[in-house]
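One letter stands for each residue in the lines below.
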Amino acid sequence: MNIKIGVNAVTRVVDTKVPMEQVYKLVQTAAAGARIQLCPFTAGAGYLQWSPDGDGWVRFRDLDDTEKGIVAQDFTVRRQHMIDALKGAPLAGDILTVPSDEFLLVRHNGADYDIALAAWGYRYPDRAAGLELNSWKSNTKYQEVNIEFMWDGKPIPNMPFTLEGFAHFTDMEGIFHVDRPLPVGMRYRLHTSGNPVPSAEDHSFTLTVEQNKDRYSFDLTQLFDIEVVVTEDGFPLSGAECDVEFGGRHERLVTDVSGRAMLRLPLVRDIVGHIEPVQPQCVTTCRGRVLDYIPRFADESHTFEFDFEGEKVVVPEPPVVAEEVPEPEKPVVPDPETVTITILDYEGYPVADMPLKLKAGAKGVLDLRTDDKGTVTVPADMLTDRKKVNISFTVTPEYQESHDIHYYKKK
């Protein structure tokens, strides 16, 4: 950018006995310390020319009203710093005289401005010397500004970003302190990249300076969603507790009446606030059963499904009660009548273990043997006549001889 003016259009206010090149050398150090660029001067055939360093310069008169107020106040402060550096020499006031505000040049430098003067040390002959900036600077307010970028609720330390195209980093606590107060109401462009041209992964923000607000946070967190569904025997299970672990973070979920619980989790980032390309496993545990899943993208959703079988309660079948059928009463059969016969020897003692034959009329002959008491017992009906019983028995000669049997006796 070159600023040209006719040699006769302006009048020099700096002592004409001193060449402008020499004046420039004398005041350049003080001007640089005050952050005012005095544009290098050259003279041509019928014109004077000043050329500021670099590109992007805008004349003060072309700024909007808000920026005019900011630059006017900023330039007033810098101008006083330069005058103080020159120890109040009259030369200082002359150096900082310009014909009009069109020779006050401004360029954005991040959140700051570069200020340059062209036609410095000159004025229009028919106008008052210097700049009238008081009407612009009177209402401007400034605010301290601190910037932070957040991930999962925490500032990111050493985070690279650009502020109005200029690269910066947050500190170890994740804060960037703007080195000078910024004008209230001004807007500044932020990109989450150290490069002037942001990539597709970077984020863009606008910082608007607000009065009484000194901390400005910008959230970069990228999230994904999980849902846990728990059923038992095919029915939703409420109150089921599930543990979720992801990237060193642990969460506990409890299902609602529909058997569901939901959770949003932050993905794992790299040191510059981008999503790590390879994410850790998301592990969910419920009643000792474990399911896992690896997220890949922001805003991704995944459902963990747990289906359990409930404890089977065995209900015993009621016993079959058989109807008791009373046994028919057995007819009472009276004991049969019996007849007991006692065999005695001559001396009246029972003859034990003696074989004998009993003639029972129609019943035939019965072979019997007396017991140890010398008796035999027979049913009465075996006898032909219950009143008159003819009993005869045969004793072998051997037995009769050994037992000396002589008669019998009926009992």
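Thresholds, definitions, all that
- Residues numbered from 1 in each chain as written.
- Predicted model: local features only at pLDDT ≥ 70, side-chain atom pairs only at ≥ 80, totals over all residues.
- Heavy atoms only, no water.
- Helix = DSSP H or I, 4+ residues; strand = E, 2+ residues; numbered from the N terminus.
- Buried < 20%, exposed > 50% of the residue type's maximum accessible area, 1.4 Å probe, protein only.
- Contact = heavy atoms within 4.5 Å.
- Areas by Shrake-Rupley, 256 points an atom, 1.4 Å probe, with all protein chains shown as cover.
- Pairing = 2+ DSSP bridges.
- Lys, Arg positive; Asp, Glu negative; His and termini not counted.
- Salt bridge = Lys/Arg side-chain N within 4 Å of Asp/Glu carboxyl O.
- Polar contact = N/O pair within 3.5 Å; in protein donor to acceptor, adjacent residues only side chain to side chain.
- Core = buried A, V, L, I, M, F, W, Y, C linked by side-chain atoms within 4.5 Å.
- Axes fitted to C-alpha atoms, helices over the stretch in contact; angles between N-to-C directions.

Trainee: Pulling in residues and values, what's your account of the overall build of the protein chain?
Mentor: The helix and strand tally for the protein chain stands at five helices and 32 strands. Across the 411 residues in the protein chain, those meeting the buried criterion constitute 38%. Taking the intrachain contacts of the protein chain between residues at least 6 apart in sequence as the baseline, contacts between residues at least 24 apart amount to 62%. With the model as given, the accessible surface of the protein chain reaches about 24,700 Å², and the carbon-plus-sulfur share is 51%.

Trainee: Residue-level account of the pairing of strand 11 (residues 146-151), with values.
Mentor: Of all six residues in strand 11, six are buried, a share of seventy percent or more. Residues Asn146, Glu148 and Met150 line one face of strand 11 and the alternating positions Ile147, Phe149 and Trp151 line the opposite face, and both faces are buried. As paired strands, strand 11 and strand 15 (residues 175-177) are joined by three bridges and run antiparallel to one another. In the strand pairing of strand 15, Asn146 is matched with His177. For strand 11 and strand 19 (residues 215-219), the ladder comprises five bridges, and the chain directions are parallel.

Trainee: Which residues make up the side chain of Glu67, and what are the values?
Mentor: By the element assignment, Glu67 lies in helix 2 (residues 65-85). The side chain of Glu67 sits in the buried core without any salt bridge; Arg189 is the nearest counter-charge, 9.6 Å away. Polar side-chain contacts of Glu67 include one of 2.9 Å to the side chain of His108. If sequence neighbours within four positions are ignored, Glu67 has contacts with His108, Tyr113 and Met186.

Trainee: I'd like a description of the pattern of salt bridges, backed by residues and values.
Mentor: The final tally for this structure, using the stated rule, is 21 salt bridges. Note that Asp74 and Arg180 form a salt bridge whose closest N and O atoms lie 3.2 Å from each other. Note that Asp74 is positioned in helix 2 and Arg180 in the loop between strand 15 and strand 16 (182-183), a separation of 106 residues in sequence. Comparing Asp74 with Arg180, the two get one shared label, buried. Beyond isolated ion pairs, a larger network of salt bridges with shared partners links Arg35, Asp74, Arg78, Asp112 and Arg180.

Trainee: Can you tell me about the nonpolar core, naming the residues and giving the values?
Mentor: Core analysis: the largest hydrophobic core is formed by 65 residues, its most contacted members being Leu38, Trp50, Met82, Leu117, Ile147 and Leu207. The element that contributes the greatest number of residues to this core is helix 2, accounting for six residues. Residues contacting Leu117, with those up to four places away along its chain left out, are Ile36, Gln37, Leu38, Cys39, Phe75, Leu96, Val98, Phe103 and Leu104. The next biggest cluster of nonpolar side chains, apart from the first, holds 20 residues, and it includes Phe224, Leu237, Leu267 and Cys286.

Trainee: I'd like a rundown of unusual backbone geometry, residues and numbers included.
Mentor: Excluding glycine, residues mostly carry a negative phi; peptide bonds, for their part, are mostly trans. For Ala119, which is not a glycine, the phi torsion comes out positive at approximately 55°. Here Ala119 shows up in the loop between strand 8 (112-117) and strand 9 (122-123). Accessibility expressed as a relative area gives 0% for Ala119, which makes it buried. Not every positive phi belongs to a glycine, and Asp233 is a case in point at roughly 55°.

Trainee: Go over the sheet that holds strand 1 (residues 3-6), please, and point to the residues and values.
Mentor: Reading across the sheet, the three strands line up as 1-5-4 and stay open at both edges, with antiparallel pairing between neighbours. Two strands close off the open sheet at either side, each with one partner strand: strand 1 and strand 4 (41-44). Strand-to-strand twist in this sheet, taken as the mean axis angle between neighbours without regard to direction, amounts to 25°. Both strand 4 and strand 5 (residues 47-50) contribute to a ladder of four bridges, which runs antiparallel. Bridged to Ala43 within strand 5 is Leu48.

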